[in-house]
Amino acid sequence: MNLLKFSRGGVSPLHSEHEGKTLTEKKPVVELPAGKTVSIPMVQNLGAPCRPVVTVGQEVGVGEVIGEPLGFVAAPVHASVSGKVIAVRDLLHVNGKLLPHVIIENDGEYRVNSALKAHTWEEVAALSPEALGKIVLDAGIVGAGGATFPTHVKLSIPADKKVDMLVINGAECEPFLTADYRLMLEQSQDVIDGIRLLMQILSPDKALIGIEDNKPKAIEAMQQAGKGVPGVQVCVMRTKYPQGSEKQLIEACTGRQVPSGKLPADAGCVVVNVGTCAAVADAVLRGMPMVSRITTVTGAVREPKNVRVRIGTSFSEAIDFCGGYEGDVKKLISGGPMMGVTQFDDGVHIVKGTSGILVLNAGYANYPDESSCLHCGKCVYACPMGLMPLKIDLWSRKKNWEMAEDYLAMNCIECGSCSYVCPSKRHIVQGIRLAKAEIGRIRREKAAKQKEGGK
Amino acid sequence: MEQAKFVASSSPHVRGRQTVQSIMLDVCIALLPSALFALYRFGAYSWAVLFSCVAGSMITEWACNKLMKKPNSLKDLSAVVTGLMLGMCCPPTVPLWLPFVGGVFAIGIVKMPFGGLGHNFLNPALAARAFLLASWPSMMTTWSNAVDAVSGATPLEAYKLGQPAGYSDLLFGHVDGSIGEVCKIALLVGAAYLIIRKVINLNTPVGFVVGVAGFAWIFGGYGGLFTGDPLYALLSGGALMGAFFMCNDYTTSPCTPAGQFLMGLLAGILTGVIRRFGAYVEGVTYAILFLNVCTPLIDRYIRPKAFGEGKAK
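Definitions and cut-offs
- As a convention, each chain's residues are numbered from 1 in the sequence order in which they are written.
- The lettering of chains begins at A and the numbering of ligands begins at 1, in the order of writing.
- Only residues with pLDDT of at least 70 get local features here, since the model is predicted, and only at 80 or more are side-chain atom pairs given and counted; chain-wide, interface and lining totals rely on the full set of residues.
- As a convention, hydrogens and water are excluded, and side-chain values are obtained from all of the structure's heavy atoms.
- Helix numbers and strand numbers start at the N terminus; a helix is a DSSP run of H or I with at least 4 residues, a strand a run of E with at least 2.
- In this description, contact between two residues means that some pair of their heavy atoms is separated by no more than 4.5 Å.
- Only the protein chains shown count as cover for residues, and the accessible areas themselves come from Shrake-Rupley with a 1.4 Å probe.
- Counting rule for charge: Lys and Arg are taken as positive, Asp and Glu as negative, and neither His nor the chain ends is counted.
- For this purpose, a charge sits on NZ of Lys, CZ of Arg, CG of Asp or CD of Glu.
- Values labelled buried area give the accessible surface lost by two parts on being combined, using a 1.4 Å probe and summing over both.
- By definition, a salt bridge exists where a carboxyl oxygen of Asp or Glu is found within 4 Å of a side-chain nitrogen of Lys or Arg.
- The term polar contact refers here to a pair of N or O atoms within 3.5 Å; inside protein, the definition further demands a hydrogen-donor-capable atom paired with an acceptor-capable atom, and it admits residues adjacent in sequence only when both atoms are side-chain atoms.
- Buried Ala, Val, Leu, Ile, Met, Phe, Trp, Tyr and Cys residues that are joined via side-chain atoms within 4.5 Å together make up what is termed a nonpolar core.
- For every residue, the accessible area obtained with a 1.4 Å probe (protein chains only) is divided by the maximum for its type, and the residue is called buried under 20%, exposed over 50%, and partly exposed between those limits.
- Where a domain begins and ends is set by an automatic assignment or by a domain database.
- To count as a disulfide, a pair of cysteine sulfur atoms needs to be within 2.5 Å.
- For every element, the axis is a line fit to its C-alpha atoms; helices are fit only across the contacting stretch, and the angle between N-to-C directions ranges from 0 to 180 degrees.
- Handedness of a crossing follows from how the near helix is turned relative to the far one, being left-handed for an anticlockwise turn of less than a right angle and right-handed for a clockwise one.
- Gly is placed with the polar residues, together with every amino acid not listed as nonpolar (Ala, Val, Leu, Ile, Met, Phe, Trp, Tyr, Cys and Pro) or charged (Asp, Glu, Lys and Arg).

### Let's talk about the overall build of chain A
What chain A contains, in helices and strands, is 15 helices and 17 strands. Overall, the C-alpha framework of chain A stretches about 65 × 60 × 50 Å when taken along its three principal axes. A separation of at least 24 residues holds for 73% of the contacts in chain A among residues at least 6 apart in sequence. Split by element, the accessible area of chain A, about 17500 Å² in all, is 54% carbon and sulfur. Of the side-chain charges in chain A, 52 are positive and 48 negative, and the distance between the mean point of each set is 5 Å.

Structure follows, in structure tokens:
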């Protein structure tokens, strides 16, 4: 079979050396019971934060809005359990900042908010794309793959752009994570329903489901579920990191390259994760907003598991549910080993984008000592974006942001392939991230100055 | 407090297995077939030459680190590789102090003063060879054959004299030449190992081979254009050693695919120019050294095509 793949770079040995998926890939998703309290962060998406709209002492039901978005690029936040709001205060967030959380005392009844409305397919057929989009917005759906970009924003295509391809991300190219895999196996019908709903909103010519060839069962399940749905097609891709990156996925499935610095819509595509599709189906057909998700709890825990967990459950509760830590644990990561964010405290709470909780022991989590750059060019070969990571990192270390920008630092997707292959174990992505932050700051300052000058 | 034991760092949290040390070890292993052949062809003395080179390199690296108050870098094995490479391109008959001096020069002058591994702008082994060749030219070009005691011309000299050696003699090393360069089969086995281990890629070597063979074919013959013998050019002298072990030295060659090919190609052509028109019969060393100097320039102007650039729909 001719396997699809993106055109350049990437790392393939990753999957043989650090597979890790075997820990959990055969384990069905189990429900993780919510604890006595859940603490739901008001920041759960890329873009604007939410404003808490409940008061202490107020009774809430599952799916009731507790945070309203402060801007277009944001999605509301809902209660994931029923019970009484006992506090609204700042707690440590997975992004490392102190941010407002709404703390709800779980009454254990999971009483569903009566305002929620489920739709039958007949009712759906009568809905306009805008009305469906509104349901997605109201359900607080954000990209479940980890980037947490609000889905309704992706679905509002500017009038001057035409989207003819809906690309569904089932690649799950991060080692260790199996949440999307289990979802595709166990809830393939939900994913397909979500795709049908998204197709009604976007009316694309085709919906392509991209899955890597190391997940043959998921491919089969999705092909089975998608049978008879016009326009839906499963694309089998070669297993290569970062296949699940938006731009690489689009290239693998459609052969199109998103122009540098532009969005997928500029290539006529919208990319949605399989988890997001299932969430859309939940929201429209069952009326349930995004209040839970599937997360892989794996690595150095006694019983690695795939769990369905309510938003606002703490990492420590999830880890206890999986038998607790095993051995000499060194790193706690929200997400996968390639792009996940390390946590220094396991008291943080699961958000809509927590695709995995990975615990690494001392053997894995060594922070290698850097040696000098050999100039071997392995990072240049590995970069899926066609950049010269060694140069960007070099200029970043010299704090020369102009040269870093000249070497296209802003095109970096931070996939980590360069750091992965570096024989000198240099922290290349770290340097590039710093450069990106500084270049962004300089650009904003320039824009602000121009605005001032214009007045 | 249990939480305090978590380490926070930037992603990625897993790294590949290849390290500087593993790469250098692979290069040593790749040079082993050639070294073993030298043992068979030139006797134990050739290994003494190799060891002298390696000793010179390692002692100098250790001393430089001490002097500059830097951590000891011997365990990355790069000094061993430099020494071995230099030894491989010495004649098998040199007095033992000569390769030692070469090793000292390679590390003490070419590598460490510029900052050590990754910072030198010339290939240390080749620069040291050029130094030895300029300082002790007769010792560095005496190829008397230690085993069958026949002193003769190297294949390149023979070609210039109009009495070329046979291909199989070239391939299997029944000719005179430097310790590690005579047996092309051994070199190719080593190169294949490096390719399989993903230590080197083929861009620079292919460029170099095309450059050498192309130039030799077009201009290398003495009967006019296109009468040269490209295969002979490749199988004689240090062409294959240069292509697979010298030209693609990480630090002193470009880091982009196109740049690497260009560097190899130019070095190959320049090798041909020196061989054909220069006073020396062999040009690999000087050609590669010249292109080493050009590497920053190549890297500056040849960049890979970024994803999404110029292919806008």
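Next comes the rest of the description.
### As for the interface of chain B and chain A
Taken together, the contact between chain B and chain A spans 47 residues of the former and 66 residues of the latter. Carbon and sulfur atoms make up 55% of the surface buried where chain B meets chain A, a total of about 4900 Å² over both sides. Between chain B and chain A we count one salt bridge in total. The salt bridge partner of Arg303(B) is Asp406(A), with a shortest N-O separation of 2.9 Å. Across the contact surface, chain B and chain A share 35 residue pairs in polar contact (both at pLDDT 80 or more). Contributing elements (two or more residues each) for the side of chain B that touches chain A: helix H1 (20–42), helix H13 (257–277) and helix H14 (284–301) of chain B.

### Looking at the pattern of salt bridges
Residue and element names in this part refer to chain A. Per the counting criterion, the structure on display carries 25 salt bridges over all chains. The closest approach of N and O atoms between arginine 397 and aspartate 393, which form a salt bridge, is 2.9 Å. Separated by four residues within a single helix, arginine 397 and aspartate 393 lie in helix H12 (residues 389–397), roughly one turn from each other. When salt bridges that share partners are traced, they join Glu59, Asp107 and Arg111 into one network.

### Examining the nonpolar core
Leu31(B), Met85(B), Phe208(B), Met241(B), Phe245(B), Met246(B) and Ile288(B) are the most contacted members of the largest nonpolar core, which has 76 residues in total. Sort the elements by how many residues they give to this core and H1(B) lands first, with 11 residues. If you count residues domain by domain, this core takes at least three from each of domain 1 (20–144 + 176–199) and domain 2 (200–299) of chain B. Sequence-distant contacts of Ile288(B), that is, excluding residues within four places in its chain, are made with Leu126(B), Phe208(B), Gly242(B), Met246(B), Cys247(B) and Ala267(B). Core analysis: the second largest hydrophobic core is formed by 50 residues, Met184(A), Ala207(A), Ala225(A) and Val236(A) among them.

### Some thoughts on the domain arrangement of chain B
Residues and elements named next belong to chain B. When cut into domains, chain B gives domain 1 (20–144 + 176–199) and domain 2 (200–299). Using only C-alpha atoms to locate each centre, domain 1 and domain 2 end up separated by 20 Å. Contacts between the two partners involve 29 residues from domain 1 and, on the opposite side, 23 residues from domain 2. With both chains or domains summed, domain 1 and domain 2 bury close to 2300 Å², and 73% of this area falls on carbon and sulfur atoms. Its largest share of buried area at the contact with domain 2, domain 1 owes to Asn123, Leu126 and Lys184, together 24% of the area lost on that side. The interface formed by domain 1 and domain 2 holds zero salt bridges in total. At the boundary of domain 1 and domain 2, one finds six residue pairs in polar contact (both at pLDDT 80 or more).

### Looking at unusual backbone geometry
For the peptide bond that leads from Tyr241(A) to Pro242(A), omega is -5°, which places it in the cis range. Turning to its location among the elements, Pro242(A) is positioned in the loop between strand E11 (232–237) and helix H8 (246–254). The linkage connecting Ser11(B) with the following residue, Pro12(B), adopts the cis geometry, with an omega of 0°. Relative to the elements of secondary structure, Pro12(B) occurs in the segment before H1. Unusually for a residue other than glycine, Tyr110(A) sits at a positive phi of about 50°. You can see Tyr110(A) is positioned in the loop between strand E8 (98–106) and helix H2 (121–125).

### With respect to the state of the cysteines
All names here are of chain A. Under the definition given, this model contains zero disulfides over all chains. Of the cysteine sulfurs around cysteine 235, a residue in no disulfide, the closest is that of cysteine 253, at 4.1 Å. Of the cysteine sulfurs around cysteine 415, a residue in no disulfide, the closest is that of cysteine 418, at 6.4 Å. Classification of cysteine 415 as buried rests on a relative accessible area of 6%.

### Details of the packing of H13(B) against H14(B)
Residue and element names in this part refer to chain B. Running from amino to carboxyl end, H13 crosses H14 at an angle of 145°, the nearest separation of the two axes being 8 Å. When the axes of H13 and H14 are compared, the crossing they make is right-handed. Here Gly259, Leu262, Met263, Leu266, Ala267, Leu270, Thr271, Ile274 and Arg275 of H13 lie close against H14, whose contacting residues are Val284, Tyr286, Ala287, Ile288, Phe290, Leu291, Asn292, Thr295 and Ile298. Looking at the contact of H13 with H14 residue by residue, the class counts come to 13 nonpolar, four polar and one charged.

### Re the environment of Lys154(A)
All names here are of chain A. Tracing the sequence through the fold places lysine 154 in helix H4 (residues 151–155). With 124 residues separating them in the primary sequence, lysine 154 and valine 30 have C-alpha atoms 31 Å apart. Residues in contact with lysine 154, not counting those within four places in the same chain, are Phe149, Glu246, Val270, Val271 and Val272.

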